[in-house]
There are 2 protein chains.
Amino acid sequence: MKKIGIGIVGLGNIGSFLYKEILSKKKDIGLKTNTKISIVAISAKNSKKKRSFKFNKKIFFNNPLDITKNPDVDIVIELIGQSDGVSKKIVETSLKNKKHVITANKALIAKHGDYLSNIAEKKKVNLEFEAAVGGGIPVLRTIKDGLATNKISKVVGILNGTSNYILTKMQKTKNSFNHVLKEAQKLGLAESNPKFDLDGSDVLSKIRILSSLAFNKKISKNPCLKNGIENIELTDIKMSEKLDLKIKLLGITEIINNKLFERVHPCLIKKDNYIANIDGVMNAVILEGNPVGESVLQGEGAGPGPTSSALMSDLLSILRGNIKFPFGIPSSKRKSVICYDKNQNFNSLYLRFEVKDRPGVLSQITKQLAKYKISIERLIQIPDHKKKRASIVIITHKSKELNSDKCIKSFKSNNNVLRTPTIIRLF
Amino acid sequence: MKKIGIGIVGLGNIGSFLYKEILSKKKDIGLKTNTKISIVAISAKNSKKKRSFKFNKKIFFNNPLDITKNPDVDIVIELIGQSDGVSKKIVETSLKNKKHVITANKALIAKHGDYLSNIAEKKKVNLEFEAAVGGGIPVLRTIKDGLATNKISKVVGILNGTSNYILTKMQKTKNSFNHVLKEAQKLGLAESNPKFDLDGSDVLSKIRILSSLAFNKKISKNPCLKNGIENIELTDIKMSEKLDLKIKLLGITEIINNKLFERVHPCLIKKDNYIANIDGVMNAVILEGNPVGESVLQGEGAGPGPTSSALMSDLLSILRGNIKFPFGIPSSKRKSVICYDKNQNFNSLYLRFEVKDRPGVLSQITKQLAKYKISIERLIQIPDHKKKRASIVIITHKSKELNSDKCIKSFKSNNNVLRTPTIIRLF
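As the structure is a prediction and not an experimental result, all values here were calculated from the model.

Conventions and cut-offs
Residues numbered from 1 in each chain as written. Chains lettered and ligands numbered in written order. Predicted model: local features only at pLDDT ≥ 70, side-chain atom pairs only at ≥ 80, totals over all residues. Buried ≥ 20, exposed ≤ 12 C-beta atoms within 10 Å, placed from the backbone. Helix = DSSP H or I, 4+ residues; strand = E, 2+ residues; numbered from the N terminus. Pairing = 2+ DSSP bridges. Least-squares fit on C-alpha atoms with pLDDT ≥ 70 in both. Contact = placed C-beta atoms within 7 Å. Core = buried A, V, L, I, M, F, W, Y, C linked by C-beta atoms within 7 Å. Axes fitted to C-alpha atoms, helices over the stretch in contact; angles between N-to-C directions. Parallel < 35°, antiparallel > 145°, perpendicular 65-115°, else oblique. Left-handed = near helix turned anticlockwise from the far one by under 90°. Nonpolar A, V, L, I, M, F, W, Y, C, P; charged D, E, K, R; others polar.

Participant: Residue-level account of the pairing of strand 9 (residues 259–270) of chain B, with values.
Facilitator: All names here are of chain B. Most of strand 9 sits out of view: nine of its twelve residues are buried. Where strand 7 (residues 225–226) and strand 9 come together, two bridges link them in parallel fashion. Residue pairing across strands places Leu 225 opposite Arg 263, the latter belonging to strand 9. As judged from the twelve bridges shared by strand 8 (residues 245–256) and strand 9, these two strands associate in the antiparallel manner. Paired with Leu 245 across the two strands is Lys 270, which belongs to strand 9. In sequence, strand 8 turns back onto strand 9 through a hairpin of two residues, with Asn 257 there showing a positive phi of about 45°. Bridge count between strand 9 and strand 17 (residues 422–426): two bridges; the pairing is parallel.

Participant: Explain the sheet that holds strand 3 (residues 75–78) of chain A to me, and be specific about the residues and the numbers.
Facilitator: Through backbone hydrogen bonds, the strands of a sheet pair up, either in parallel or in antiparallel fashion. Residue and element names in this part refer to chain A. An order of 2-1-3-4-5 is seen for the five strands of this open sheet, with the pairing classed as parallel. Each edge of the sheet is formed by a strand with only one pairing partner; in this case those strands are strand 2 (35–43) and strand 5 (127–128). Across eight bridges, strand 1 (residues 2–9) lies against strand 2 in parallel orientation. The partner of Ile 6 across the bridge, within strand 2, is Ile 39.

Participant: Requested: an account of the relation of the copies chain A and chain B, with residues and values cited.
Facilitator: Once chain A is rotated about the relating axis by 180° and shifted along it by 0.0 Å, it coincides with chain B to within an RMSD of 0.1 Å. Here the transformation between the copies is reduced to the relation of a two-fold axis. Within chain A, the C-alpha atom positioned nearest to the axis of rotation is that of A:Leu297, 2.3 Å from it. Comparing interface residues between copies, 100% of those in chain A also sit at the interface in chain B, which points to an isologous, same-surface contact.

Participant: Residue-level account of the sheet that holds strand 2 (residues 35–43) of chain B, with values.
Facilitator: All names here are of chain B. An order of 2-1-3-4-5 is seen for the five strands of this open sheet, with the pairing classed as parallel. Every interior strand has two partners, whereas the edge strands, strand 2 and strand 5 (127–128), have only one. Where strand 3 (residues 75–78) and strand 4 (residues 100–103) come together, four bridges link them in parallel fashion. Among the inter-strand pairings, Val 76 is bridged to a residue of strand 4, identified as Val 101.

Participant: Explain the nonpolar core to me, and be specific about the residues and the numbers.
Facilitator: Ranked by size, the top nonpolar core spans 260 residues in total, and within it A:Ile8, A:Ile77 and B:Ile8 carry the most contacts. Those residues in contact with A:Ile8, other than ones at most four positions away along the chain, are A:Gly15, A:Leu18, A:Tyr19, A:Ile39, A:Ile42, A:Ile77 and A:Leu79.

Participant: Let's hear about the pairing of strand 10 (residues 282–290) of chain A: which residues, and what values?
Facilitator: Residues and elements named next belong to chain A. Strand 10 sits mainly inside the fold: seven of its nine residues count as buried. As defined by bridge partners, strand 6 (residues 151–158) adjoins strand 10 across seven bridges and the pair is classed as antiparallel. Pairing of Ile 158 across the sheet is with Ala 284, part of strand 10. Here strand 10 runs beside strand 11 (residues 293–300); their pairing, made up of eight bridges, is antiparallel. Counted as the bridge partner of Ile 286 is Val 296 from strand 11. Hairpin connection of strand 10 to strand 11: two residues between the antiparallel strands.

Participant: Lay out the packing of helix 5 (residues 106–123) of chain A against helix 10 (residues 201–215) of chain A in plain terms, naming residues and giving numbers.
Facilitator: Residues and elements named next belong to chain A. Interaxial distance between helix 5 and helix 10 falls to 9 Å at its minimum, and their mutual angle equals 50°. What the angle tells us is that helix 5 and helix 10 run oblique. The crossing of helix 5 and helix 10 is left-handed. Side by side, helix 5 and helix 10 meet where Lys 106, Ala 107, Ile 109, Ala 110 and Gly 113 of the first sit next to Asp 202, Ser 205, Lys 206, Arg 208, Ile 209 and Ser 212 of the second. A class-by-class count of the residues in the contact of helix 5 with helix 10 yields four nonpolar, three polar and four charged.

Remember, this is a structural readout, not a statement about activity or role.
As structure tokens, this is what we get:
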């Protein structure tokens, strides 16, 4: 049996869970991979913090970079989670020192994945990041192995548990965004600074990783259509229910005319659609491939258990095998990205205008929409006589992103429109 | 680049599709695996049949066993599909001759998987059978790799496209079983002899393969609870709709008190349950694992496209890598199976009695149920006054399989009960 030393950097919720998981599964791992593993190095911000497990103090390193140089360490597991800084340094140095790397760090891979995979390939070591996308759902492995020779044309996912929890909870309890957010924070389902979860950044990182794997391309750096859920109000949730729709934050990536179109935004989805029913903290990914057809993967998207499951699958991949390309094919063969112009995309829209309840306002709005070639499929006006205001909800036929963008901006100068209209795309 | 020769035995729908798929993906496979593959041998029942592709006559072998000895062949793909006979001979001889084997043959693996994996391990070659379970859904790979170190406690699946298509179609069109079956045969969705699809045998083979992978056990040979959908009538479909339930043929395997409980039977499932909404030819598998939680995989379960997708993933697994254990761990470490006594299982039941419309019949039935400790949750009586008959549908509380079995049999001697009552277990 080959002896393998593991170093873990970062001992928060995930790191601590993983530490115990590795120890408890040692025998099983031995059976499956014919290796004898041991954790020979750990590092965390605070060496004195009370932890849920005991460890030999000799394996604790104050400077995590020392682990990346330690000759006893064969595999480094990075669980700090920054897109740059010490996280990048650890992964980079480990690879350069011919150590395999496992990371759950989507921000790092989405930003520096091309660079880091290049080093891994040169040094003939593995760089694995299954836990970066979809938590416990083995979606990267499925693209690389299970659906290996399929031509994938589109990937759609619910990829952020925090956002999905908030939207589900708002719908079920009819509580406001802020109320539900605070509750989620209390339950540990949202971070104290949830910005990247709520503004779509987290999903965008995941979508960029998925794109490059699914389409064999370099990671896109281009700015892209990204809206989060911060502007979804209870009014919109209630209105969507009346329309037999549900609001979900989707990440979508697809190839249109050989160009890559990546986007993250809330979508209104028909209630009987499969993806509309992925509720709470669950994640799901739908892959369209040829010849396999539509494949769906669903599972828990976050938390120590599911994340450890993914990290352990990376560990077994390294222990079992020969070196694999981090993105499935050699870096040199991954094509550069040409981006689809989002402005050319057509979408049906849900628009909500908050207006002064005055004669002529509706006609101003419809006239403006017509000017930008946006035609109306459905219109609902809900007056609030006390406040002398009204909500006007419009479902449009498919219209060009460029036009709708310009049109929405044009209302800024209209005093009757009380604030920037809410816009949600239909799925 | 290493040169690899492939032999394909069986050139029906699947084999022909795969032949073309391999040729069209040669370059992609080269990129991903650094190998140069070519199809160097093929065999089929009829060498003169008109086929959708052209081939060099020199690579056609009248005797498929010659392929298993051919020194140019590194990988044999078996697509005949018998549980014994020539299929077994081909796989066995190929492995003994140190050739990797890929097969889509669930009947073969469910029956001889232990024996064959032993040979593969001894000869240090791969035996891959992803296409045997779940068509295009990479569920075996997910258990072996993506969820590698999870402790799986239960697997539930819709694993037979033909059965699921028939049940879905009966529900949607309100046509009879026989009508829908004929239609399915015309569409190529049911075989001319659909026995093994409809009586649960096909699902049982798949469940046995899933059990051994999920629980690291030898394949069970024990008889087991197996009912198909042949006795489901339109009446049951209509009644299930009234009860807000749907009928699905499920394969279920789980560990109860360290014993293996495998079963295949139709289930009544609440309409809002995820698995109730897997319709048509789709397959789905739900895995309960620790620490990952619940994982769901869904996709097309049959047909040349999805099956080829799975066969190609097997091919890449071989081309990419070192030798893997066919069932994830060494055969010698796979434990023998101890079976759970199905008679001890508790289930709520749907019972439908067709009876003569006479006074006292209902009381006879309820008395008999009481005798076997089966208590009634709900009872619906639908009289047919013209025929002087009635249907009595009973939903029971949870009762022991042994008791319900005995109870149902006891009605044989009751002249008022016109035929063996229909029994469907609630999920």
